[in-house]
Amino acid sequence: MAEDAEKLSLAYLLGKDYNPVQAELILAPEYEVAAVTGMGAGKTYAACVAAFRHAVKYPGAFVLVGRLTFRELVDTTKKMFYEMVENKKLRSFIVKPANWDYRERTNVVRFKNGAEILFANLEPNRLDKLKNLEYSLVVIDQAEEIQYETYQLLLNRCRLNAVPYSDRHVIAIANDEGDNWLRRRFLTFEPPHGRPTMSATRRLLRGTSLANPNIDEGAKAQLLSLPPEVQARWVYATMDAGTSRLIPDFRVIAPFVVPAHWPRWVGVDPARSTGVTCAIWVAVNPDKDVYQGVAPNAPVVYNEYWAEGRDAEDHSQEILRQSGPHRLLGYAMDRSAWSTGALSRKLGAISVAQLYVNAGLPASPSSGDEWARVMLFLEAQKRGLVVFRTCTHLLRQGPEYRVRGQQMVDSTGAIKDLKIVSKQKFHAIDAGGYAFEFIPTKVVAVDTRTLEAAFDIADDIDDGSRRHWEALQRTLPKRKGHESVVTQGIDEAELHGENTTHAAGWWEHDDVGW
Ligand SMILES: Nc1ncnc2c1ncn2[C@@H]1O[C@H](COP(=O)(O)OP(=O)(O)O)[C@@H](O)[C@H]1O
Ligand SMILES: [Mg+2]
């Protein structure tokens, strides 16, 4: 028994090193406790500890642990609870389920003392069920995902008498999502929330990701590589009212003619059955000098295509037309377009991507991962990304691209599951991201010189001579610009001598190195 008591101590459950905000969350005496922190600060872990201790302490306890969607609840919160119980050797307190696997269908954990923990999703259609129950503790993970109405309902249902009021709590843990009900209820006390009272207490806990000594080093490095304004929200949880913008402002420039030797790529976000097809063209300055406001090695978005209600064939043709006359180094398209089915009158059932490929667009698959996409935009911006004023859809969508309900650091400490608000409509961001994925960290100029015959034949010679020189030309390799060519055994000096009178040969240029 003494051993059991030890197992319930914070020193044991949180370990030697923990984020102080975790202990505050577990011990807070207030009825409503909100923790708004950076990602990976240890909120979910602390909430699991709180739920566990509460259940062990009160035989009649009934704990609700909820998150908006069932899948995410199971894969993140429930999983972490199961792992914590396993790692801290707490199975002896629990009688059900016997098979300790978070993926098991059962969503109730029963303790030896009769207390129970229910894992439930908090989607609006589930509320009728949940509001018929009474709880002694409510834990809401990623509370920024849920409606205030849901929270209100749960506040009213946290009234199970088996636990004294002083130990009943509604714990809402959240990432900083700017101006939402959590901020208004716990920080600014705006109407209808007002201020807490002696009998209806509220507490807001704050903390940064960096204060969690248990956060994975890789995850931490990734968080710290974000631009300052994104870090303010995700790492430091400053709770500024601003929006949860992911992509900092673009630097906009006036259009200019992109030099032919700049390497170019295009990203294409194809319409699925209906909707918009968007293409974004990106070039990179391969030279050592700034050109028209584009820094060396910086990308420039110089064209966009945005059209709706056309066939894949028409989209493809238009994208190819707008690419010309340049040879693009890559046509990137979302990988999922290869697994999304489309119906074509001519071709029957094929993939969306195949429709475009068949129409002549040489598309290759891009990863299509949203998180990677944000990072690619941030990377491009670090490199000095500029956008032509004419790319209006991209310029409009950049500031609108936001995060919501992100669960970025999972129970293994890996970063994942970034959620973007109605991401399916961000075609310009998607298309741009696909293109960025194809751009190497260092680019080289495109060789724009065409292949030419080894020497030129003058116009004013007789047919016999012309045939002779043409026959000789065919035996020689082609040349590119002023580069020397291998002459396949023909004596260069002799060739030179014979030809000087009527051919403006490449050897006449001063800069030829023999
Ligand atoms: N006291 C602790 N002991 C051991 N690992 C912890 C502790 N607190 C947090 N962690 C680990 O740190 C990582 C981030 O914690 P988590 O609770 O998921 O953060 P948040 O919910 O704030 O994003 C997870 O891998 C979690 O297992
Ligand atoms: Mg969490």
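Above this text you will find the structure in question.
Everything numeric here is computed off the predicted structure, so don't read it as measured data.

S.K.: Any chance you could explain the packing of helix α14 (residues 392–400) against helix α15 (residues 427–438) here in plain terms?
M.R.: Two packed helices can be described by the angle between their axes and the distance between those axes. Closest axis-to-axis distance for the α14/α15 pair is 8 Å, and the angle between their directions is 100°. The orientation of α14 with respect to α15, classified from their angle, is roughly perpendicular. Judged by residue contacts, H393, L394, Q397 and G398 of α14 engage A428, I429 and G432 from α15. Along the lines of polarity and charge, the residues of the contact of α14 with α15 split into 3 nonpolar, 4 polar and no charged.

S.K.: I keep staring at the site of ligand 1 and nothing clicks. Help me out?
M.R.: Around ligand 1, a shell composed of 18 residues is seen, among which G42, K43, T44, Y45 and N214 lie nearest. Among the residues making up the shell around ligand 1, the classes are represented as 7 nonpolar, 10 polar and 1 charged. Built from parts of two domains, the shell around ligand 1 gets at least three residues from each of domain 1 (2–234) and domain 2 (251–438).

S.K.: I tried to follow unusual backbone geometry on my own but got confused; where do I start?
M.R.: Negative phi values dominate among residues other than glycine, just as trans dominates among peptide bonds. Following K96, the chain continues into P97 via a peptide bond in cis, with omega recorded as -5°. Tracing the backbone through its elements, the reader meets P97 in the loop between β3 (94–96) and β4 (108–111). Note the cis peptide between P191 and P192, where omega equals 5°. Locating P192 in the fold gives a position in the loop between α8 (181–188) and β8 (202–207). One non-glycine residue, M239, adopts positive backbone phi at about 55°. By the secondary structure assignment, M239 is in the loop between α10 (228–234) and β9 (251–253). Since 21 C-beta atoms lie within 10 Å of it, M239 is described here as buried. Here the phi dihedral of N297 falls at roughly 65°; this positive angle occurs in a residue that is not glycine. Relative to the elements of secondary structure, N297 occurs in the loop between β11 (276–284) and β12 (299–308).

S.K.: Where do I start with the environment of A232 in this structure?
M.R.: For A232, the position within the fold is in helix α10. For A232, a count of 17 C-beta atoms within 10 Å translates into the label partly exposed. The residues contacting A232, other than those within four sequence positions of it, are T238 and D240.

S.K.: Help me understand α8, please; the structure alone is not making it clear to me.
M.R.: Count 3.6 residues to each turn of an α-helix, and residues three or four apart come out pointing the same way. Along α8, the positions that sit buried rather than exposed are W181, L182, R183, R185 and F186. Where the residues of α8 are buried, they touch β1 (32–37), α7 (148–157), β7 (169–175) and β8. Positive phi shows up at F189, right after α8, with a value of about 50°.

Rules used in this analysis
- Residues numbered from 1 in each chain as written.
- Chains lettered and ligands numbered in written order.
- Predicted model: local features only at pLDDT ≥ 70, side-chain atom pairs only at ≥ 80, totals over all residues.
- Axes fitted to C-alpha atoms, helices over the stretch in contact; angles between N-to-C directions.
- Helix = DSSP H or I, 4+ residues; strand = E, 2+ residues; numbered from the N terminus.
- Parallel < 35°, antiparallel > 145°, perpendicular 65-115°, else oblique.
- Contact = placed C-beta atoms within 7 Å.
- Nonpolar A, V, L, I, M, F, W, Y, C, P; charged D, E, K, R; others polar.
- Near = placed C-beta within 6 Å.
- Domains from an automatic or database assignment.
- Buried ≥ 20, exposed ≤ 12 C-beta atoms within 10 Å, placed from the backbone.

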